[in-house]
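# Inside the fold
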Amino acid sequence: MNLSKKANATGDSAASGFSLDRVRDAWADAPGWARWIAYILLIIGGLLLPNQAIGSFMAPSSTDWASMLSDQIGIYVLLALGLNVVVGMAGLLDLGYVAFYAVGGYTIAIFASKHGWSFWETLVLAIVLSSLAGILLGAPTLRLRGDYLAIVTLGFGEIVRVTAENSTYVNGPRGIQGIPHPPTLSEFEIMGVQPLKYGLLDSRPYYYLLLFFIILTIIFVKRLDRSRVGRAWAAIREDEDAAELMGVPTFKFKLAAFAIGAAIGGSGGVVFAGKQTSINPDTFPFLVSALILAGVVLGGSGNIPGVILGAFVVAWLPERFRFMQDYRMLIFGAALVLMMIFRPEGLWPSRRRKAELAEGTGGMGSMGAEVAGPGQAAAAGEVGK
């Protein structure tokens, strides 16, 4: 009887996610050359995305589509990929991710404007310092789990912001101005665009720089996911106690997840500050962490295409409906609530995440107050009898 129920549940699940499963099966069976063609077409699509013909319906008339891509969408996608390492792959709830974004931004602000370092030098330094900040946060706190860890990370994000606001070295609430743009690498032009010339007038080169970082991050994270590190993260996310009993050094791998996620967030802060030429503590509120986390969960945590889609939606929707003024955030919030009600696994979940939701963990480890999944509810009923 139980086997038939499980079979029916599996059949229902397959029916509801038929289209995505069919795409995954086709991709798994595709030859190598077909995959490379798909990768190349996706990159070409990304390069063509700032085109004004696309922006004519993707952005409101008063907003520059290229600026929206570089200032919001590209940054959110890069940050979501970094947070996905921590939340989606290792199952650690981080509510203070904006702190690493701020570390990257203030690194280029201090060393480029005050000490004359170049953009590329400060980029490397920001990645190192952000990783160290992740280790500094993780070393004393990763013994905690679930909601306790979330509270500590939330506090860390606020500590970084408040410290910057009260520090005279970084001009307190006034922030730092005069941050140099990335140096122009070449002035060659293609289709009316100079993709390697950075300045104030054209936002497209910054978008292409973010796209380059996003592609590198996807390759790096995907390689990690298929390695021993990725398998250890999956074991920790699904059941940390069982993973530790099986010999997985859980603390070491959780610390690595924090360091890698922080490094990716720091690189986003460098690009943002280099484009804006000024930053202040108000640039890094808790709301940024909340929106990035919403993008990861909305898209499907642990699944890279889903995370990219979720971050794109979270960054794009409020700007697209800016003409509605105060009501746009109400509509945006209502859309998120409806998504979590009718599709809690996300827009584009991985099969593993869907299985974890059925188990009741939701793909983010034990949060201390989990809602039982269908399998757990049935088991609880049998025990009650």
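Report follows, based on the coordinates. The numbering scheme is per chain: residues are counted from 1 as the chain's sequence reads. Per-residue local features of the predicted model are confined to residues with pLDDT of at least 70, and side-chain atom pairs are confined, for both listing and counting, to 80 or more; whole-chain, interface and lining totals are unaffected and use all residues. As a rule here, side-chain values cover all heavy atoms of the structure and leave hydrogens and water aside.

With that settled, consider the pattern of salt bridges. Within this document, salt bridges are pairs made up of a side-chain nitrogen of Lys or Arg and a carboxyl oxygen of Asp or Glu, the two lying within 4 Å of each other. Tallied over the full model, the rule gives seven salt bridges. Asp241 serves as the salt-bridge partner of Arg145, at 2.8 Å between the closest nitrogen and oxygen. Of this pair, Arg145 sits in the loop between helix H7 (119-141) and helix H8 (146-166) while Asp241 sits in helix H11 (residues 240-245), and the two are 96 residues apart along the sequence. Burial classes: relative accessible area under 20% of the type maximum marks a residue as buried, over 50% as exposed, and values in between as partly exposed (1.4 Å probe, protein chains only). Of the residues examined, Arg145 reaches a relative accessible area of 35% and is grouped as partly exposed. For Asp241, a relative accessible area of 44% translates into the label partly exposed. Between Glu240 and Lys254 there is a salt bridge; the shortest N-O distance is 2.8 Å. You can see Glu240 sitting in helix H11 and its partner Lys254 sitting in helix H12 (residues 250-276), a full 14 residues away along the chain. Helix and strand labels come from DSSP, where a helix needs a run of H or I of at least four residues and a strand needs a run of E of at least two; each type is numbered from the N terminus.

Moving on, we get to the packing of helix H5 (residues 65-89) against helix H13 (residues 286-299). Two elements in contact, H5 and H13, have axes whose closest approach is 9 Å; the angle formed by their N-to-C orientations is 70°. Overall, the two elements H5 and H13 adopt an arrangement that is roughly perpendicular. Taken together, the residues of H13 that come into contact with H5 (itself represented by Tyr76, Leu79, Ala80, Leu83, Asn84 and Val87) are Leu291, Ile292, Leu293 and Val296. Amino acids are sorted into nonpolar (Ala, Val, Leu, Ile, Met, Phe, Trp, Tyr, Cys and Pro), charged (Asp, Glu, Lys and Arg) and polar (every other residue, Gly among them). Residues of the contact of H5 with H13, tallied by class, amount to nine nonpolar, one polar and no charged. Inter-axis angles, ranging from 0 to 180 degrees, are taken between N-to-C directions of lines fitted to C-alpha atoms, where helices are fitted over the stretch in contact. Each angle gets one of four labels, with under 35 degrees taken as roughly parallel, over 145 as roughly antiparallel, 65 to 115 as roughly perpendicular, and the rest as oblique. Contacts are residue-level and defined by heavy atoms, with any inter-residue pair within 4.5 Å sufficient.

Here Asn171, not a glycine, exhibits a phi torsion of approximately 65°, which is positive. By the secondary structure assignment, Asn171 is in the loop between H8 and strand E1 (176-177). Residue Thr277 is not a glycine yet carries a positive backbone phi of 70°. Along the polypeptide, Thr277 turns up in the loop between H12 and strand E2 (278-279).

Another point: a nonpolar patch on the surface. Patch definition: residues with relative accessible area over 30% and no salt bridge; like charges joined within 9 Å; nonpolar side chains (Val, Leu, Ile, Met, Phe, Trp, Tyr) joined within 5 Å. Calculation of accessible area relied on Shrake-Rupley with a 1.4 Å probe; when residues are assessed, cover is drawn exclusively from the protein chains displayed. A surface patch of nonpolar side chains, about 980 Å² in accessible area, is lined by Trp33, Ile37, Ile40, Leu41, Ile44, Leu48, Phe188, Ile190 and Met191. For Met191, the location among the structural elements is in the loop between E1 and helix H9 (204-225).

Along the polypeptide, Gly302 turns up in the loop between H13 and helix H14 (304-320). When the C-alpha atoms of Gly302 and Trp348 are compared, they prove to be 10.0 Å apart, with 46 residues separating the residues in sequence. In this view, Gly302 contacts Asn84, Gly88 and Val307; residues no more than four positions away in its chain are not counted.

Our next topic: the packing of aromatic side chains. Here a Phe, Tyr or Trp ring, Trp counted by its six-membered ring, pairs with any other such ring whose centre lies within 6.5 Å, and the pair is stacked when the planes are under 30 degrees apart, edge-to-face when over 60, and tilted otherwise. In the structure shown here, the tally under the stated rule is twelve aromatic pairs. Plain terms: the ring middles of Tyr97 and Phe100 are 5.9 Å apart, the flat faces sit at 70° to each other, and that makes the pair edge-to-face. Like Tyr97, the residue Phe100 is buried in the burial classification. Aromatic side chains Tyr101 and Phe272 sit 5.8 Å apart centroid to centroid with 55° between the ring planes, which places their arrangement in the tilted category. Residue Tyr101 is found in helix H6 (residues 98-113), and its partner Phe272 is found in helix H12; the two are separated by 171 residues along the sequence. In this pair, the class of Tyr101 matches that of Phe272, namely buried. Grouped by ring-pair contacts, the aromatic residues Tyr101, Tyr106, Phe272 and Phe284 constitute a single cluster. Whether a charge sits over a ring comes down to the Lys NZ or Arg CZ being within 6 Å of the ring centre and within 35 degrees of the ring normal. Lying across the ring of Tyr169, Lys114 places its NZ or CZ 5.0 Å from the centre. The residue whose ring lies beneath Lys252 is Phe253, and the NZ or CZ to ring-centre distance is 5.3 Å.

Bringing H7 into the picture now. Expected span of a helix: the number of residues minus one, times 1.5 Å. The end-to-end C-alpha separation of H7 is 32 Å, in line with the 33 Å expected for 23 residues at 1.5 Å each. Buried residues along H7 sit against H6, H8, H9 and H12.

Packing of H6 against H8 leaves a shortest axis separation of 8 Å and a crossing angle of 30°. Between H6 and H8, the interaxial angle falls into the category roughly parallel. Where H6 abuts H8, its residues Ala99, Phe100, Ala102 and Tyr106 lie against Phe156, Gly157, Val160 and Ala164. For the contact of H6 with H8, the class distribution of residues is seven nonpolar, one polar and no charged.

Moving on, we get to the side chain of Lys254. The class for Lys254 is buried, based on a relative accessible area of 2%. N or O atoms closer than or at 3.5 Å make up a polar contact, with two conditions inside protein: a donor-capable atom paired with an acceptor-capable one, and, for residues adjacent in sequence, both atoms drawn from side chains. A polar contact is formed between the side chain of Lys254 and the backbone oxygen of Leu142, at a distance of 2.7 Å. Polar contacts involving the side chain of Lys254 include one to the side chain of Glu240, which spans 2.8 Å. Apart from residues no more than four positions distant in its own chain, Lys254 is found in contact with Leu92, Leu142, Leu144, Ile236 and Glu240.

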